[in-house]
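The residues making up each chain are set out below.
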Amino acid sequence: MARQPLVLLPGLLNTRRVYESQIAELSDIADAIVPELWHYDSIGAMAQATLDAAPERFALGGFSMGGYVCFEILRRAPERVERLALMDTQAVPDTPEASARRRGFIEQTKLGRFHGVQPSLLPTIVHRSRLNDQAVVQPIVEMAAEVGSDGFCREQTAMIARPDSRPMLVDIDLPTVVIVGRQDMATPLARAREMATDIANARLVTLEDCGHMAPLEKPAEVSAALRRWLTQ
């Protein structure tokens with residue numbers, strides 16, 4: 001069986017490393033491409049760069065911010081996407097409060113106060129049982145350092161301006177998997193349920209004892225869900 005092209009889009013302050021386990025575990029059936037999204041300051045630019053680098057037809061997966069880019073790719077070139085995976089993400093736009101927080105982060109960063117992912121932030125993105133698990137925590141910290149302050153500002157700017165993707169969910173007619181950690185505080189289970197309900201051919205996979213960073217926190221379970229999705 002020929003391996004299929006699989007485009008995986010990372011989240012905020014993430015690199016290819018967020019998908020390291022999935023790339024390895026699915027290498028028998030998928031050739032993974034992971035664009036570097038932090039070079040762009042709009043969701044549209046991220047989507048276009050992805051389309052420019054991708055093969056003509058591909059399976060598409062997005063984690064967190066990467067999910068926002070998935071929706072933009074479907075707006076621009078739906079005919080090129082064969083199936084869709086949405087991981088710990090949401091279709092809703094920023095609330096005014098969320099946008100204000102992001103602008104605050106950008107201002108602090110421009111003042112030289114970007115320190116990557118600090119330990120105080122980890123309980124908001126990682127399940128409490130994994131807070132001292134270096135296999136989870138170390139990649140998060142090191143990826144943030146690699147993306148750096150400029151990349152962080154560009155990504156925050158992009159997310160502030162993202163559109164509401166809820167109206168397009170009912171028009172998605174692709175084999176879809178929606179994966180979410182039950183304890184995800186950043187993009188909660190309720191948001192995942194809404195997407196899975198509105199997308200006609202969607203399957204919801206809820207990961208127990210898991211926060212927002214599902215590809216790192218539950219790598220084998222995420223890989224298994226993606227394998228079922230790729231082979232269904």
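Preceding block: the structure.
Now for a look at the structure at hand. (Residues numbered from 1 in each chain as written. Predicted model: local features only at pLDDT ≥ 70, side-chain atom pairs only at ≥ 80, totals over all residues. Heavy atoms only, no water.)

Time to look at the pattern of salt bridges. Counting across every chain of the model gives 12 salt bridges. Of the charged contacts, one joins D28 and R227 as a salt bridge, the two residues approaching to 2.9 Å between their closest N and O atoms. Of this pair, D28 sits in the loop between α1 (20–25) and β2 (30–33) while R227 sits in helix α9 (residues 219–231), and the two are 199 residues apart along the sequence. Take D28: its relative accessible area is 45%, and that puts it in the partly exposed class. Looking at R227, the relative accessible area reads 28%, which means it is partly exposed. Here E72 ties to R76 by a salt bridge, and the two come within 2.8 Å at their closest N and O atoms. (Salt bridge = Lys/Arg side-chain N within 4 Å of Asp/Glu carboxyl O. Helix = DSSP H or I, 4+ residues; strand = E, 2+ residues; numbered from the N terminus. Buried < 20%, exposed > 50% of the residue type's maximum accessible area, 1.4 Å probe, protein only.)

Let us look at the pairing of strand β4 (residues 81–87). Among the seven residues that make up β4, six are buried, leaving the element largely enclosed by the rest of the structure. Bridge analysis of strand β3 (residues 58–63) against β4 gives six bridges, and the strand direction is parallel. Along β4, the bridge assignment pairs G61 with A85. Direction of pairing for β4 relative to strand β5 (residues 176–181): parallel, over a ladder of four bridges. Residue M87 lies in a different strand from β5, and its bridge partner there is I179. (Pairing = 2+ DSSP bridges.)

A word on the sheet that holds β5. In spatial order, the strands read β2-β1-β3-β4-β5-β6; together these six strands make up an open sheet with parallel pairing. Strands with a single pairing partner mark the edges of an open sheet, and in this sheet they are β2 and β6 (202–207). Taking each pair of neighbouring strands and ignoring which way they run, the sheet shows an average axis angle of 20 degrees. Sitting on the sheet, α9 is in contact with β1 (4–9), β2, β3, β4, β5 and β6, with an inclination near 155 degrees to β4. (Axes fitted to C-alpha atoms, helices over the stretch in contact; angles between N-to-C directions. Contact = heavy atoms within 4.5 Å.)

With that out of the way, let us pick up the nonpolar core. Within soluble globular proteins, side chains that are nonpolar tend to cluster in buried spots. In this structure, M87, I140, I179 and L226 are the most contacted members of the largest nonpolar core, which totals 39 residues. Residue contributions to this core peak at seven residues, all from helix α6 (residues 134–160). Look past the residues within four positions of I179 in its chain and what remains in contact with it is L86, M87, D88, V205, L207, V222, A225 and L226. Counting 35 residues, the second-largest nonpolar core is a separate cluster that includes A54, V69, C70 and I172. (Core = buried A, V, L, I, M, F, W, Y, C linked by side-chain atoms within 4.5 Å.)

Relative to the assigned elements, R17 resides in the loop between β1 and α1. Along the primary structure R17 and L216 are separated by 199 residues, whereas in three dimensions their C-alpha atoms are 9.2 Å apart. In contact with R17, other than residues within four places in its own chain, are P139, E142, M143 and L216.

At their nearest, the axes of helix α2 (residues 43–53) and helix α3 (residues 65–76) sit 9 Å apart, and the two run at 70 degrees to each other. Between α2 and α3, the angle is such that the two are roughly perpendicular. Where α2 approaches α3, its residues I43, G44, M46, A47, Q48, T50 and L51 are matched on the opposing element by M65, Y68, V69, E72, I73 and R76. Class assignment of the residues belonging to the contact of α2 with α3 gives a composition of eight nonpolar, three polar and two charged. (Parallel < 35°, antiparallel > 145°, perpendicular 65-115°, else oblique. Nonpolar A, V, L, I, M, F, W, Y, C, P; charged D, E, K, R; others polar.)

So, on to the environment of P219. Here P219 lies in helix α9. Sequence separation between P219 and A45 is 174 residues; the distance between their C-alpha atoms is 29 Å. Beyond its immediate chain neighbours, meaning those up to four positions away, P219 contacts S21, Q22, E25 and A214.

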